[in-house]
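Examining the three-dimensional arrangement
Spelled out, the chains give:
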Amino acid sequence: MTCPCGGLPPGTPYDACCAPLHRQERYAETPEHLMRSRYSAFALHDADHLFRTWHPRTRPDDVTAPVLHWTGLEIVDAPEPVADRAEVEFVASYAGGRLHERSRFERRRGRWLYVDGDAR
């Protein structure tokens, strides 16, 4: 099965792309890979991964993955991190709509975490 995020590089199977992050076998090496793993977690309804990868400063007490049929992910912009901060702009499509966001990430204790984002 191709990874729900489309794969990094494109066409990469789920077991070689986002699954190791979901199973906590390793951490995302880049903010883009973390963004992709979070998209895949939404697509697969893996709320635990979403909780673990959300910065504790901004994370809600209860994290759920909304039940939507996610249909695709496009990375619009993923510039190189500056120090321990980064942004990734993406468009995530789902049946009946799309989410366009510029997300902010911070590296904390060597791990990239989602902080928040601005819808476009």
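The structure we're discussing is the one just above.
A separate point is the packing of aromatic side chains. The description of an aromatic ring pair uses the distance of the two centres, along with the angle that the planes make with each other. In the structure shown here, the tally under the stated rule is 5 aromatic pairs. Here Trp70 and Tyr94 contribute two aromatic rings whose centre-to-centre distance is 5.2 Å and whose plane-to-plane angle is 70°, an arrangement assigned as edge-to-face. Linking Trp70 in strand β1 (residues 70–77) with Tyr94 in strand β2 (residues 85–94), this pair joins segments that are 24 residues apart in sequence. On the accessibility criterion, Trp70 (13% relative accessible area) is buried. We classify Tyr94 as partly exposed; its relative accessible area is 24%. Relative to Tyr114, the ring of Phe105 has its centre 5.9 Å away and its plane inclined at 70°; by these criteria the two rings are edge-to-face. The same class applies to Phe105 and to Tyr114, which are both buried. In this arrangement the basic side chain of Arg38 is found over the ring face of Trp54, its NZ or CZ atom lying 5.2 Å from the centre. Seen from the ring of Phe51, Arg59 lies directly overhead, with NZ or CZ sitting 4.0 Å from the centre.

What follows covers the pairing of β2. Note that β1 and β2 share 6 bridges and pair antiparallel. Bridging from a neighbouring strand, Ile75 pairs with Phe90 of β2. Strand direction decides the pairing type here: β2 and strand β3 (residues 97–108), joined by 10 bridges, are antiparallel. In the strand pairing of β3, Glu89 is matched with Arg102. Between β2 and β3, which pair antiparallel in sequence order, lie 2 residues; one of them, Gly96, sits at a positive phi of approximately 95°.

Thresholds, definitions, all that
- Residues numbered from 1 in each chain as written.
- Predicted model: local features only at pLDDT ≥ 70, side-chain atom pairs only at ≥ 80, totals over all residues.
- Heavy atoms only, no water.
- Phe/Tyr/Trp six-rings, centres within 6.5 Å; stacked < 30°, edge-to-face > 60°.
- Helix = DSSP H or I, 4+ residues; strand = E, 2+ residues; numbered from the N terminus.
- Buried < 20%, exposed > 50% of the residue type's maximum accessible area, 1.4 Å probe, protein only.
- Lys NZ or Arg CZ within 6 Å of the ring centre and 35° of its normal.
- Pairing = 2+ DSSP bridges.

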